[in-house]
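# A closer look at the structure
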Amino acid sequence: MNLDLESKKVRQLGKNEQIPYDLLLLADEAMEAINKYIYDSDIYILEIENKILAVYVLQLLKKDEIEIKNIAVDKDYQGQGIGKFLLRDATNKAKEQGFKTMLIGTSNASFKQLYIYQKSGFEIYDIKENFYINNYPKPIYENGLLLKHMIMLRKTIA
Ligand code: ACO
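What counts and what doesn't
Residues numbered from 1 in each chain as written. Predicted model: local features only at pLDDT ≥ 70, side-chain atom pairs only at ≥ 80, totals over all residues. Heavy atoms only, no water. Core = buried A, V, L, I, M, F, W, Y, C linked by side-chain atoms within 4.5 Å. Buried < 20%, exposed > 50% of the residue type's maximum accessible area, 1.4 Å probe, protein only. Helix = DSSP H or I, 4+ residues; strand = E, 2+ residues; numbered from the N terminus. Contact = heavy atoms within 4.5 Å. Polar contact = N/O pair within 3.5 Å; in protein donor to acceptor, adjacent residues only side chain to side chain. Phe/Tyr/Trp six-rings, centres within 6.5 Å; stacked < 30°, edge-to-face > 60°. Lys NZ or Arg CZ within 6 Å of the ring centre and 35° of its normal. Pairing = 2+ DSSP bridges. Axes fitted to C-alpha atoms, helices over the stretch in contact; angles between N-to-C directions. Near = heavy atom within 4 Å. Areas by Shrake-Rupley, 256 points an atom, 1.4 Å probe, with all protein chains shown as cover. 1 Å grid on protein atoms, 1.4 Å probe; cavity = no way out; pocket = protein on both sides within 12 Å on 5 of 7 lines; lining within 4 Å. Sits in = over half its atoms within 2 Å of the grid points. Nonpolar A, V, L, I, M, F, W, Y, C, P; charged D, E, K, R; others polar.

With 30 residues, the main nonpolar core has Tyr56, Ile68, Ile82, Leu86 and Met102 as its most contacted residues. Among the secondary structure elements, those contributing two or more residues to this core are strand 2 (42–48), strand 3 (51–62), strand 4 (65–73), helix 3 (82–96), strand 5 (101–107), helix 4 (111–119) and strand 9 (150–156). In contact with Ile68, not counting residues within four places along its chain, are Tyr56, Val57, Leu58, Leu87, Ala90, Met102, Leu103, Ile104 and Phe122. Leu24, Tyr37, Ile45 and Val57 belong to the second largest nonpolar core, which has 12 residues in total.

Below, the structure written as structure tokens:
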């Protein structure tokens with residue numbers, strides 16, 4: 001299926017619209033973890049024919065710094081360039097709003113995500129040690145590895 005992404009508009013989800021938890025949970029396993037940031041963040045969605053295919057969440061950190069707290073693409077649409085498209089879109093929106101730095105974090109075991117983020121211009125600058133052990137109710141495994149640390153990446157967007 002040719003999605004012709006460049007013709008698609010990503011829009012902010014309205015405050016009264018339903019939060020797409022099914023997608024958010026693909027990126028972040030625990031509802032409790034999502035609810036820690038979702039209410040003071042902006043949610044952006046990509047939809048086709050009224051179906052939400054993908055989402056990303058931006059949280060303002062300080063005056064000129066913003067973080068992508070969650071990014072997820074419907075399983076049926078992964079691997080078709082939507083993730084990279086959303087990272088570009090998020091960067092453009094943040095730049096338009098005057099932010100200078102964009103952050104994103106992922107786990108020590110999330111190899112695909114680490115690849116995509118670095119391919120999109122983010123660089124590793126910090127590690128939040130034992131983040132997944134301390135903040136999630138039960139152990140999470142990905143690629144056969146226990147999630148322990150959050151790897152933080154950043155990109156200068158100004
Ligand atoms: N294995 C290896 N590489 C892959 C795979 C795969 N399964 N799928 C895609 N890639 C590569 C692509 O080839 C492409 O690389 P290229 O530019 O060299 O060709 C690159 O990764 C980007 O691929 P996209 O198609 O843009 O990625 P996608 O649309 O699948 O979106 C995402 C990536 C958001 C990680 C998606 O797969 C997803 O929703 N995964 C589940 C949720 C998740 O893990 N979210 C991120 C958690 S971290 C956070 O939210 C801050």
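We now examine the environment of Thr106. Tracing the sequence through the fold places Thr106 in strand 5. Taking the C-alpha atoms as reference points, Thr106 and Glu6, 100 residues apart in sequence, are found 26 Å from one another. Those residues within four positions of Thr106 in sequence are excluded, and the remaining contacts are Gln113, Leu114, Tyr117, Tyr132, His149, Met150, Ile151 and Leu153. Of note is the side chain of Thr106, whose polar atom sits 3.4 Å from the side chain of Ser110.

For the coordinates displayed, the defined rule picks out five aromatic pairs. Residues Tyr44 and Tyr56 carry aromatic rings whose centres are separated by 5.1 Å and whose planes lie at 25 degrees to one another, so their mutual orientation is stacked. One end of the pair, Tyr44, is in strand 2; the other, Tyr56, is in strand 3, and 12 residues separate them in sequence. Exposure remark for Tyr44: the relative accessible area of 5% places this residue in the buried category. Given the relative accessible area of 0%, Tyr56 is considered buried. Members of the aromatic cluster, joined through ring pairs, are Phe131, Tyr132 and Tyr136. The side chain of Arg154 reaches across the aromatic face of Tyr125, ending 4.2 Å from its centre.

Attention shifts here to the sheet that holds strand 2. Strand pairing in a sheet takes place through backbone hydrogen bonds and is either antiparallel or parallel in direction. Taken in spatial order, the seven strands line up as 1-2-3-4-5-9-6 in an open sheet, and their pairing is mixed. Strands with a single pairing partner mark the edges of an open sheet, and in this sheet they are strand 1 (10–12) and strand 6 (123–128). Strand-to-strand twist of the sheet, defined as the mean angle between neighbouring strand axes without regard to direction, takes the value 30 degrees. Relative to strand 9, strand 5 runs antiparallel, the two being bridged by seven bridges. Paired with Thr101 across the bridge in strand 9 is Thr156. With respect to the sheet, helix 3 is in contact with strand 1, strand 2, strand 3, strand 4, strand 5 and strand 9, its orientation differing from that of strand 4 by roughly 155 degrees. Across the sheet, helix 4 is in contact with strand 4, strand 5, strand 6 and strand 9; its angle to strand 5 comes to roughly 165 degrees.

Looking at the ligand, there are 24 residues lining it, with Val73, Gly81, Lys84, Gln113 and Tyr115 nearest. At a separation of 3.4 Å, an oxygen atom of the ligand approaches a polar backbone atom of Ile82. Here an oxygen atom of the ligand and a side-chain polar atom of Lys84 are 2.3 Å apart. Expressed as a share of its isolated accessible area of 1000 Å², the protein-covered part of the ligand is 74%. Counting atoms within 2 Å of the grid points, the majority share of the ligand lands in the largest pocket. Counting only elements with at least two residues in the shell around the ligand, the list comes to helix 1 (21–27), strand 4, helix 3, strand 5 and helix 4. Across the shell around the ligand, the residue classes tally to 11 nonpolar, nine polar and four charged.

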